[in-house]
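# Working through the structure, step by step
Listed below are the residues making up each chain.
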Amino acid sequence: MRLHSLRLQAFGPYVEQQFIDFDALARDGLYLFTGPTGAGKSTILDAVAFAFYGQLPGVRKGTSHRIKSDHAGLTARPMVSVECTLGENRVRITRSPSFVRPAKRGNGTTTERSSIAVEICTDGKWIGLEGGTRDNVVGDWIHQQVGLTCEQFMQVVLLPQGEFARFLLAADVEREAVLRTLFAADRFANVENWFDERERRLRTAAAEAAKEVGSRVAAACAIAGIDEADTPEPTDAAWFANLSHAAAAISHSALTSATECAAWRDTAQRRLTHSERIVAAQAKRATARDLATVAEQQIAKIVHIQARLADARKASVIAPLLHRSRVAQHAAEVAIARLAVSRASCAQATPASASTPQELLSVLQTERAALAPALDEELALAAVRHCTGEANAALAAAASELDLAIVDQGAMPGQLRIAADQVNRLRASAASYDQLAMQLSAIREIAAAHRDLKTLTATRKATLSKVLAATKSALLAKERWLDLREKRLAGIAAELASELIVDSPCAVCGSVRHPAPAIGDGSSPTRAEEEMAQNAADNCAHEQADATALLADLDIKISALQAKCGDANRHSTAQRVAEIEADLLVAANAAGDLKQAESVLAGLELRQITLGAEVIQLRAIRDDCSVRAAAEAERLRGAEHRIAAAAGKCASVTERIADLDGQVSSLADLVKATMATDDASSELAAAEAALRAAAIEANFASAQKAIEAHLPEADVEALQSEVDHHNQQSIEARTMLADPDFVGLPDEIPPIELLREHLAEADRADRAAAGALASAKRAAQQLATLHDQVLPAIDRAKARQAEHEVVRGLALLVRGQGGNELGMHLTAYFLAARLEQVADVASGHLLKMTDGRYSLIHNDQRAKKRGAGGLGLEVMDAHTGLPRPTHTLSGGEGFLAALALALGLAEVVTAESGATTLDTLFIDEGFGALDSEALERAMSVLDDLRSGGRSVGLISHVEELKTRITTQLQVTRTPHGSYLESTATTSTSAIESERKVPESLMAG
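Anyway, here's the lowdown on the structure attached to this text. Think of each chain on its own: its residues are numbered from 1, step by step along the sequence as written. Predicted model: local features are reported for residues with pLDDT of at least 70 only, side-chain atom pairs are reported and counted for 80 or more only, and whole-chain, interface and lining totals are derived from all residues. The basis for the side-chain values is all heavy atoms of the structure; hydrogens and waters are excluded.

### Examining the overall build of the chain
Helices and strands together make up the secondary structure of the chain, namely 26 helices and 17 strands. Only protein chains enter the area calculation, which uses a 1.4 Å probe; residues under 20% of their type maximum are buried, those over 50% are exposed, and those in between are partly exposed. Put simply, the chain has 1004 residues, and 37% of those count as buried. Contacts were defined at the residue level, with two residues in contact if any of their heavy atoms lie within 4.5 Å. Looking at the chain alone, contacts between residues at least 24 apart form 76% of all its contacts between residues at least 6 apart. Surface accessibility in these figures is a Shrake-Rupley result with a 1.4 Å probe; residues are shielded only by whichever protein chains are displayed. Accessible surface computed for the chain: about 56,800 Å², of which carbon and sulfur atoms make up 55%. Counting from the N terminus, the helices are DSSP H or I runs at least four residues long and the strands are E runs at least two residues long.

Here it is in structure tokens:
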């Protein structure tokens, strides 16, 4: 993996977009980031880490929500874009964190979501990676391409300030945590966890098996009725067998006792049953005797009842006539009562002119008919009142509408003044549009001049570097050409001698004899070499002239732009552009609103004219409504007067008619009651005469005697039932006394209660014996079953306990306990091997940086009596031949040891993870603690890395490094943010279009 370039904007202290060409910086393999403290040097490493993994390195991890520059505008989008080579692909990764910006609607804020885009350069075009806008897809793809996790990348590629020294001085536990993140130690941790889980499961299984045996022991103790504390340890199958045999013997003894108790209970039951039969017969005989005595005592009463029944049967012939007489009597009484009520209700309604109820009824009916017209008018009174209410409501509505129209008419002058003022204001604002547009055009030209001036200034700086480089190259080329010419002239005799031909004239003297030709030593340059050097010098001179001419042209353009910009600076010009644009927008809006305002003013003027006509019309409507309301009120008063006259003393005509209808109805009822009374009296006399005739015919002295002898049918049936019951009792008593069971029946009562007590005692003994037998049988059966079941349970518990002991020993060993003397668990054992490799590789670097004095060694001993070990580091001091703790090194020695350890860790991690070749390395600070010799040796190690093809970027304030490393990236800090300047010669125009960041991620 090699970094090519980095772009960032609104990131940390960098507000405007910054571009770093790592290819140009890395041409010498070693470059330096310089600048004041807090300017943003480490932010460059933050940007690289964030681009790849969306995180910040070192102590800044977890603060990605604070990435956006505080100097940037509220709508500016923070962004990082890095170009690199991963494998065979040139890749561009652009990432933007979430940030808070003003809401597009309303006055609040909203959170802009983070974004990511990965592109691959294919045939000169950037093509987005499939799924390259999703964090999880990009994270997996980067890990696959780079071969490093985020923690490994930050330990191998980025060495944050103070972070890599912490690993050197860390305790075993802290060092283990770091190594776990760098090496694939999860598989060993999984083995440890597997043993722990296996031991836990086997421990649980052994406990469950032992619990199963224990539950069977407890069950056996509960069945046998013994204390669990008396059971042997361990409990074996023989113990269960002994309990089973003892239970069987108890069951056999309980069977004999139960048989004897059952025989005793049967004998007691037979004796009780015989005695109960005698007692029942004695009770039956006593009942028969009592029944016969009662029947004999009721004979006189039954004779009287029989005589009463004979008279009732003789009087039954008058029953219909008696019913008729009673019905007629009741009807006469009802008619008389009704007649009295009718006379009382009609007593107040009899006028002096009426002598009979019939005459009074005729007078009232005539008066009722005369009230019909008044009733109709009273029924229509509600409609008249409604019309009057409508007329009054119409009058009030017309008056209210007239008042509103008058109010609107009075408000129109004020509204017209406001509308006219609005039109005048908008006309004035719209009139300033052209002037503002001219001002904006002029100020925009100045702003464009500022931008061009900035661009040309940067171009001039690069061109000046080219001029200096071209001048230097021209001087060197000319010196080389003159030097070659001088050397050639010095050996020109040998060059001429080499061209002499025997018997041919010399080109210089013309002689054909060449007695002593000069012989050259082979070091003189040839004519071709001199001509080549001269051509090179000429070309360099031409390049110098072209660069100088370009620089002069840039100076002319810059001067013209400076004159155009005048005294205004870039920021104030941009602010003025924004102000004029805002004023121009206000003027444009005013021009758009002017037409609507003029339309509103014209509408108000038209409304003022129409309101006058509306007021006149509404006054006429109000007068008409007033006349109608007066007429309806007069009509209502006349109707109310006529109705009051017809109602008289009553509240209404309806009430008066209802009173008359009640009087008419009462008189009609009186006439009907008089006629009904006469009819009921006639019927009563006829019924009484028929009753007297029927009584005499039935041989009764009078009708009253016949009535007294008469009985209702229910009473007759009751008396006859009493006679029949007496007769039945007499027959039943005689039959019961003739029962053969009473023959020889003793008068003495058997001792039933004593026999019952004997039976209860026998029954209790029988139940107790049966219960004891059932319990003994159940216990014997359960103990026999437990004996059969416990044998496999005991074997299973022994096997699981043995397996658990084996796995427990292995788990303790893997965890660094038990017989593990070093206290080193499996993961630490693996990491110790990797740490030993790291120490070996780091020692090679450290020996070179300390002139062979110090090397790093791995120590696997426990640091304390208790706890784990295996990940210790010590420094071997060649001067003493003894190891020493790492914290005893001086500040500079400690930095060299930490740097060597970090380099060794990076190499081992790269080899372990199978990552791609890592050609870029960054080291943040720490060189200030070194003296000149130590710094020289440290730089020689870094030179070795550079010679191996890796590019190394250093962050440092050491002045000597600024002198030694000519390729530098200068970070300049201003109150408004930082910006970058590079001393490396870069040429980005050929790839600028390819490096353009997607507009969706650059938009603010």
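Let us keep going from here.
### Observations concerning the sheet that holds strand β8 (residues 115-122)
Overall, antiparallel pairing links the six strands, which are arranged β2-β1-β4-β5-β8-β9 in an open sheet. Both edges of this open sheet fall to β2 (18-21) and β9 (125-128), since each of them pairs with a single strand only. Between one strand and the next, the sheet's axes are offset by a mean angle of 20 degrees, whatever the strand orientation. The pairing criterion is simple: DSSP has to find at least two bridges between the two strands. Pairing of strand β4 (residues 79-86) with strand β5 (residues 89-96) involves seven bridges; the strand directions are antiparallel. Counterpart to Val82 in the pairing with β5 is Ile93. Only C-alpha atoms enter the line fits that serve as axes; for helices the fit covers just the stretch in contact. Angles between N-to-C directions range over 0 to 180 degrees.

### Remarks on the sheet that holds strand β11 (residues 854-859)
Hydrogen bonds along the backbone pair up the strands of a sheet, which may run parallel or antiparallel. A sheet is described by the order of its strands in space; here three strands give the open sequence β11-β12-β13, paired in antiparallel fashion. Edge positions in the sheet fall to β11 and β13 (882-885), since each has one partner strand and no second. Across the sheet, the mean angle from the axis of one strand to that of its neighbour is 40 degrees, orientation sign disregarded. By the bridge criterion, four bridges tie strand β12 (residues 872-877) to β13 in an arrangement that is antiparallel.

### Notes on helix α9 (residues 299-314)
In this model, α9 (16 residues) spans 24 Å end to end at C-alpha, consistent with the 22 Å of a helix rising 1.5 Å per residue. Residues of α9 that are buried: Ile302, Ile305, Leu309 and Ala312. All buried residues of α9 lie within an arc of 75 degrees about the axis, which places them on one face of the element. Opposite the buried face of α9, by more than 90 degrees, sit the exposed residues Ala300, Val303 and His304. The span you would expect from a helix comes to 1.5 Å times its residue count less one. In this context, the arc is that of the directions from the helix axis out to the C-beta atoms.

### A look at helix α7 (residues 186-224)
A rise of 1.5 Å per residue sets the reference length of α7, with its 39 residues, at 57 Å; its end C-alpha atoms lie 56 Å apart and thus fit the reference within 8%. One or two positions beyond α7, positive phi appears at Gly225, with a value near 75 degrees.

### Overview of the nonpolar core
Residues grouped as a nonpolar core are buried Ala, Val, Leu, Ile, Met, Phe, Trp, Tyr and Cys residues, joined through side-chain atoms within 4.5 Å. Residues Leu6, Phe33, Phe52, Phe927 and Leu954 are the most contacted members of the largest nonpolar core, which totals 98 residues. Here this core gets 11 residues from one element, more than from any other, and that element is helix α23 (residues 891-913). Each residue touching Leu954, except ones within four places of it in the same chain, is listed here: Leu30, Tyr31, Leu32, Phe33, Ile923, Phe927, Met939, Leu942 and Ile965. Membership of the second largest hydrophobic core comes to 16 residues, among which are Val213, Leu243, Ala780 and Ile794.

### As for the packing of aromatic side chains
For Phe, Tyr and Trp, rings pair up if their centres lie within 6.5 Å, where Trp contributes its six-membered ring, and each pair is then called stacked (planes under 30 degrees apart), edge-to-face (over 60) or tilted (otherwise). Per the stated rule, a full pass over the model turns up six aromatic pairs. Ring geometry for Phe52 and Tyr53: centres 6.4 Å apart, planes at 35 degrees, overall tilted. Judged by relative accessible area, which is 16%, Tyr53 ranks as buried. Taken together, Phe22, Tyr31, Phe33 and Phe922 form an aromatic cluster joined through their ring pairs.

### Looking at unusual backbone geometry
Located in the positive-phi region is Asp123, a residue other than glycine, with phi close to 55 degrees. Checked against the element boundaries, Asp123 lands in the loop between β8 and β9. You will see that Asp851, though not glycine, has its phi angle at about 60 degrees, which is positive. Given the relative accessible area of 62%, Asp851 is considered exposed.

### A short note on the pattern of salt bridges
Any carboxyl oxygen of Asp or Glu within 4 Å of a side-chain nitrogen of Lys or Arg constitutes a salt bridge here. For the structure on display, the rule yields 20 salt bridges. Note that Glu981 and Lys461 form a salt bridge whose closest N and O atoms lie 2.8 Å from each other. Residue Glu981 is located in strand β17 (residues 977-982), and its partner Lys461 is located in helix α14 (residues 433-490); the two are separated by 520 residues in the primary sequence. We classify Lys461 as partly exposed; its relative accessible area is 44%. Taken together, the salt bridges that share partners define one network made up of Arg77, Arg101 and Glu112.

### Side note on the packing of α7 against helix α8 (residues 237-297)
Where α7 meets α8, the axes come as close as 11 Å, and the angle between the chain directions of the two elements is 20 degrees. Considering the angle they form, α7 stands roughly parallel to α8. Two packed elements cross with a definite hand, and for α7 against α8 that hand is left-handed. Contacts between α7 and α8 pair Arg216, Val217, Ala220, Cys221 and Ala224 from the former with Trp239, Phe240 and Leu243 from the latter. In what follows, roughly perpendicular refers to angles from 65 to 115 degrees, roughly parallel to angles under 35, roughly antiparallel to angles over 145, and oblique to any angle outside these ranges. Note: crossing handedness is left-handed where the near helix turns anticlockwise from the far helix by less than a right angle, and right-handed where it turns clockwise.

### Points about the pairing of β5
With six of eight residues buried, β5 lies mostly within the body of the structure. Between the antiparallel neighbours β4 and β5 lie two residues, among them Gly87 with a positive phi of about 70 degrees.

### Notes on the packing of α9 against helix α20 (residues 713-737)
As a packed pair, α9 and α20 sit with axes 10 Å apart at the nearest point and diverge in direction by 145 degrees. Regarding α9 and α20, the two cross each other, and that crossing is left-handed. Of the residues in α20, those touching α9 at Ile299, Lys301, Ile302, Ile305, Gln306, Arg308, Leu309, Ala312 and Arg313 are Val716, Leu719, Gln720, Glu722, Val723 and His726. Residues are grouped as follows: Ala, Val, Leu, Ile, Met, Phe, Trp, Tyr, Cys and Pro are nonpolar; Asp, Glu, Lys and Arg are charged; all remaining types, including Gly, are polar. Tallied by class, the residues present in the contact of α9 with α20 amount to eight nonpolar, three polar and four charged.

### Quick word on a nonpolar patch on the surface
Patch membership requires more than 30% relative accessible area and the absence of a salt bridge. Residues of like charge join within 9 Å; the nonpolar side chains Val, Leu, Ile, Met, Phe, Trp and Tyr join within 5 Å. On the surface, a cluster of nonpolar side chains totalling about 260 Å² of accessible area is made up of Val806, Leu810 and Leu813. Mapping Leu813 onto the fold places it in helix α21 (residues 752-814).

### Focus on the environment of Leu791
The topology assignment puts Leu791 in helix α21. Taking C-alpha positions, Leu791 is 9.2 Å from Val213, a pair spaced 578 residues apart along the chain.

### Considering the environment of Leu786
Following the sequence through the fold, Leu786 ends up in helix α21. Separated by 549 residues in the primary sequence, Leu786 and Ala237 have C-alpha atoms spaced 9.7 Å apart. When neighbours within four sequence positions are excluded, Leu786 is seen to be in contact with Arg216, Ala219, Ala220, Ile223 and Phe240.

### Side note on the environment of Ser441
Mapped onto the elements of the fold, Ser441 is located in helix α14. In this structure the C-alpha to C-alpha distance between Ser441 and Val577, which are 136 residues apart in sequence, comes to 9.2 Å.

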